[in-house]
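What follows is each chain in one-letter form.
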2 protein chains.
Amino acid sequence: MFSQTVEYALRAMVFLADRQDAPRTTEQIARVTKVPVAYLSKVMQALNRGELVVAQRGVRGGFRLARSSEKITILDVVNAVEPVQRIRTCPLGLSAHSHRLCPLHKRMDDALAVMERAFRETTLAEVLAEPTTSIPLCDFPPRPKRAKSQAT
Amino acid sequence: MFSQTVEYALRAMVFLADRQDAPRTTEQIARVTKVPVAYLSKVMQALNRGELVVAQRGVRGGFRLARSSEKITILDVVNAVEPVQRIRTCPLGLSAHSHRLCPLHKRMDDALAVMERAFRETTLAEVLAEPTTSIPLCDFPPRPKRAKSQAT
DNA sequence: GCTATACTGGATGTCAACATCCACTTTGTA
DNA sequence: TACAAAGTGGATGTTGACATCCAGTATAGC
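As the structure is a computational prediction, the values presented were derived from the model and not from experiment. (Residues numbered from 1 in each chain as written. Chains lettered and ligands numbered in written order. Predicted model: local features only at pLDDT ≥ 70, side-chain atom pairs only at ≥ 80, totals over all residues.)

**A few points about the overall build of chain A**
Then, number 1: Within chain A, the regular secondary structure consists of six helices and two strands.
Then, number 2: Along chain A, helices (α) and strands (β) appear in the sequence α-α-α-β-β-α-α-α when read from the amino end.
Then, number 3: The 152 residues of chain A split such that 34% are buried. (Helix = DSSP H or I, 4+ residues; strand = E, 2+ residues; numbered from the N terminus. Buried ≥ 20, exposed ≤ 12 C-beta atoms within 10 Å, placed from the backbone.)

**Quick look at the protein's contact with DNA strand D**
Then, number 1: Taken together, 25 residues are adjacent to DNA strand D, and A:Ser3, A:Thr5, A:Pro36, A:Gly58 and B:Ala55 come closest.
Then, number 2: Elements that contribute at least two residues to the surface near DNA strand D include exactly helix 1 (4-18) and helix 3 (37-49) of chain A together with helix 3 (37-49) and strand 2 (62-65) of chain B.
Then, number 3: Here the surface near DNA strand D gets four residues from one element, more than from any other, and that element is helix 3 of chain B. (Near = placed C-beta within 6 Å.)

**Some thoughts on the pairing of strand 1 (residues 53-56) of chain B**
Residue and element names in this part refer to chain B.
Then, number 1: Across four bridges, the pairing between strand 1 and strand 2 is antiparallel. Its bridge partner being in strand 2, Val53 is matched across the sheet by Leu65.
Then, number 2: Hairpin remark: strand 1 followed by strand 2, antiparallel, with five residues in the connecting loop; positive phi at Gly58, about 80 degrees. (Pairing = 2+ DSSP bridges.)

**Notes on the packing of helix 1 (residues 4-18) of chain B against helix 3 of chain B**
Relative placement of two packed helices is described by the angle separating their axes and the distance separating the axes.
Residue and element names in this part refer to chain B.
Then, number 1: Remark: helix 1 packs on helix 3, axes separated minimally by 10 Å, with the N-to-C direction vectors making an angle of 75 degrees. Taken together, helix 1 and helix 3 sit at an angle that is classed as roughly perpendicular. Contacts between helix 1 and helix 3 involve Thr5, Tyr8, Ala9, Ala12 and Met13 from the first element and Leu40, Val43, Met44 and Leu47 from the second. (Axes fitted to C-alpha atoms, helices over the stretch in contact; angles between N-to-C directions. Parallel < 35°, antiparallel > 145°, perpendicular 65-115°, else oblique. Contact = placed C-beta atoms within 7 Å.)

**Topic: unusual backbone geometry**
Then, number 1: Unusually for a residue other than glycine, A:Arg60 sits at a positive phi of about 60 degrees.
Then, number 2: Here A:Arg60 shows up in the loop between strand 1 (53-56) and strand 2 (62-65).
Then, number 3: Positive phi outside glycine occurs at B:Lys34, with the angle close to 60 degrees.
Then, number 4: Assignment of secondary structure puts B:Lys34 in the loop between helix 2 (26-33) and helix 3.
Then, number 5: Residue classification places B:Lys34 among the partly exposed residues on the basis of 15 C-beta atoms within 10 Å.

**A short note on the protein's contact with DNA strand C**
Then, number 1: Residues in close proximity to DNA strand C total 25 residues, the closest being A:Ala55, B:Ser3, B:Pro36, B:Arg57 and B:Gly58.
Then, number 2: Broken down by secondary-structure element, the contributors of at least two residues to the surface near DNA strand C are helix 3 and strand 2 of chain A together with helix 1 and helix 3 of chain B.
Then, number 3: For the surface near DNA strand C, the leading source of residues is helix 3 of chain A, giving four residues.
Then, number 4: Looking at the surface near DNA strand C, its residues break down into eight nonpolar, 12 polar and five charged. (Nonpolar A, V, L, I, M, F, W, Y, C, P; charged D, E, K, R; others polar.)

**Observations concerning the confidence of the model for chain A**
Then, number 1: Per-residue confidence for chain A gives a mean pLDDT of 85, with 81% of residues at or over 70.
Then, number 2: The low-confidence segment residues 140-152 of chain A, where pLDDT is below 50, has nine contacts with residues more than four positions distant or belonging to other chains. (pLDDT = per-residue confidence, 0-100.)

**Structural notes on helix 1 of chain A**
Then, number 1: Taking 1.5 Å as the rise per residue, helix 1 of chain A with 15 residues should run 21 Å; its terminal C-alpha atoms sit 21 Å apart, in good agreement.
Then, number 2: By the criterion of burial, helix 1 of chain A is predominantly enclosed, with 13 of the 15 residues buried. (Expected span 1.5 Å × (residues − 1).)

And the structure:
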């Protein structure tokens, strides 16, 4: 249902959100998120074009979030790499239905709308702050972990 | 978000649900639903294997619904051609998370769950009976239209 | 200014989804 | 029984998503 690319982009963004203290290189991100590094490089370019991350070349460079993790939603990430295609016109190309979907496609679009909404309402910060589940992404190496790492 | 194959399968099933009086040939279905006939043939095979339709060879043959349209859900159709892949284990393959998804994947799976639920709760009959919208699929040729075609 | 580091963009390869074609089998009807 | 209609299964072609590689460019640090 979700493409690999979306999955990769989300992993990378969650990782960056969790480690905002310094830029992370593509290689670092790839290692932790287990994404093929060469491909991740393309994904990061897309995220950069989508203005979700900022790229810094040269020594000590890498990627950082372009804005606070509270202001980046799952939907932002998804849309940056592979925009959610809502069904706006009947896929059969019926001119008569350009503004009014048939019942079938209305249902399908409703489902997409629900998903889109759920994604729009969840920020990276929220994902990281998840109260009940303790693990941030999945296999992050133990965080620097300052003594008072509340909710980690 | 939805594959072409799912789209095709749904169109075909809605058409069959709307025309249950006699078997419909692959060619008939293809013409109305605007699906490539050769490919539709494969899709119909999948629906047949999924026991959603019954195939009848020979003269006057074709496909019919395997059971009443009230008993076939959108989800049944989707699952017949391309099962919804819920996220049950962490895609990163972390053994520690086999039963407990990390927050990110939990959210993604939640979204899938919502969609799955919506699909499970909608039958083909309901799609066809849609009260407010008058058009069955999109480009069905004018139905035989018996005067009192009560919800079929 | 040099150099090592790290992102960028383009060319290329691989594979699964989408799509087509055709020989074969089944079956209703004359 | 013969034939035409219609689904079946397998081989094959096409295309886009996924993935890799590398030459080029920008930049921090010396």
